[in-house]
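Examination of the molecular architecture
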Amino acid sequence: MPKPDDFADALISDQPLGDVVKLFKEKGGAGKPVYGQIPVSYGDNADEAKEIAHRYWKFAAPGWKVMAELSTPKNFEAASETVRPGDVAESAPYGDDVERYVQAVQQWSDAGFTHISFCQSGHDRQKDFRRWAEVELLPELRERFG
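Quick look at the structure, then. (Residues numbered from 1 in each chain as written. Predicted model: local features only at pLDDT ≥ 70, side-chain atom pairs only at ≥ 80, totals over all residues. Heavy atoms only, no water.)

Things to note about the packing of aromatic side chains
Taken as a whole and judged by the stated rule, the model has 8 aromatic pairs. A ring pair is formed by Tyr 42 and Trp 132, whose centres lie 4.8 Å apart and whose planes are at 25 degrees; its orientation type is stacked. Taken as a pair, Tyr 42 in strand 2 (residues 34–42) and Trp 132 in helix 8 (residues 126–145) lie far apart in primary sequence, 90 residues in all. Judged by its relative accessible area of 11%, Tyr 42 falls in the buried class. The structure contains a cluster of three or more aromatic residues connected by ring pairs, namely Tyr 42, Tyr 101, Phe 118, Phe 129 and Trp 132. For Arg 100, the ring lying beneath its charged end belongs to Tyr 94, and the centroid distance is 4.0 Å. (Phe/Tyr/Trp six-rings, centres within 6.5 Å; stacked < 30°, edge-to-face > 60°. Helix = DSSP H or I, 4+ residues; strand = E, 2+ residues; numbered from the N terminus. Buried < 20%, exposed > 50% of the residue type's maximum accessible area, 1.4 Å probe, protein only. Lys NZ or Arg CZ within 6 Å of the ring centre and 35° of its normal.)

So, a negative patch on the surface
Residues Asp 44, Asp 96, Asp 97 and Glu 136 make up a contiguous surface patch of negative charge. Looking at where Glu 136 falls in the secondary structure, it is placed in helix 8. Judged by its relative accessible area of 42%, Glu 136 falls in the partly exposed class. (Patch = residues over 30% accessible without salt bridge, like charges linked within 9 Å, V, L, I, M, F, W, Y side chains within 5 Å. Areas by Shrake-Rupley, 256 points an atom, 1.4 Å probe, with all protein chains shown as cover. Salt bridge = Lys/Arg side-chain N within 4 Å of Asp/Glu carboxyl O. Lys, Arg positive; Asp, Glu negative; His and termini not counted. Charge placed at Lys NZ, Arg CZ, Asp CG, Glu CD.)

Digging into the pairing of strand 2
Of all 9 residues making up strand 2, 7 are buried, and the element is well covered by its neighbours. The sheet contact formed by strand 1 (residues 11–13) and strand 2 spans 3 bridges and is parallel. From the neighbouring strand, Leu 11 faces strand 2, where its bridge partner is Val 34. With 6 bridges connecting them, strand 2 and strand 4 (residues 115–120) associate as parallel partners. In the sheet register, Gly 36 faces strand 4, and the bridge partner there is Ile 116. (Pairing = 2+ DSSP bridges.)

Examining the pattern of salt bridges
Within this structure, the stated rule accounts for 7 salt bridges. Salt-bridge contacts for Lys 58 lead to Glu 77; the nearest nitrogen and oxygen are separated by 3.9 Å. In this pair, Lys 58 sits in the loop between helix 3 (46–57) and helix 4 (64–67) while Glu 77 sits in helix 5 (residues 73–80), placing the two residues 19 residues apart along the sequence. Accessibility expressed as a relative area gives 40% for Glu 77, which makes it partly exposed. Close ionic contact of Arg 131 with Asp 128 constitutes a salt bridge, the shortest N to O distance being 3.0 Å. One end of the pair is Arg 131 and the other is Asp 128, both in helix 8 and 3 residues apart, which spans about a single turn. In the salt-bridge network here, residues are joined through shared partners; they are Glu 99, Glu 140 and Arg 144.

Quick look at the structure:
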């Protein structure tokens, strides 16, 4: 039976599942990078950023077991019609509160992830997010996580 080190240079996930990281390491991935992708919605107006996060990420709320069975955009709409902004906010940091983002990264770190990628919501907010992250977020993450 092939092991992760037979074909994988890293593990990439969009969910902070420690059992997946553990299995990857046990099956030959020890010492290899483990990347996590966190959906975020940066903005200086927290309420607006939360709504934007909901608009972009509500389809992920039902989880992969449901999403894998959805074949069309209408199916995704139906599966996510009861998802509220607060539901999305549980897994997608929003606004400009550095601590909210740090807490999200902590979950991934606790699960064994070694690297984090932030997936910012909205093409029109990319530059602002990068500027804010460079000045405020990344220094804090480096201080806390190395």
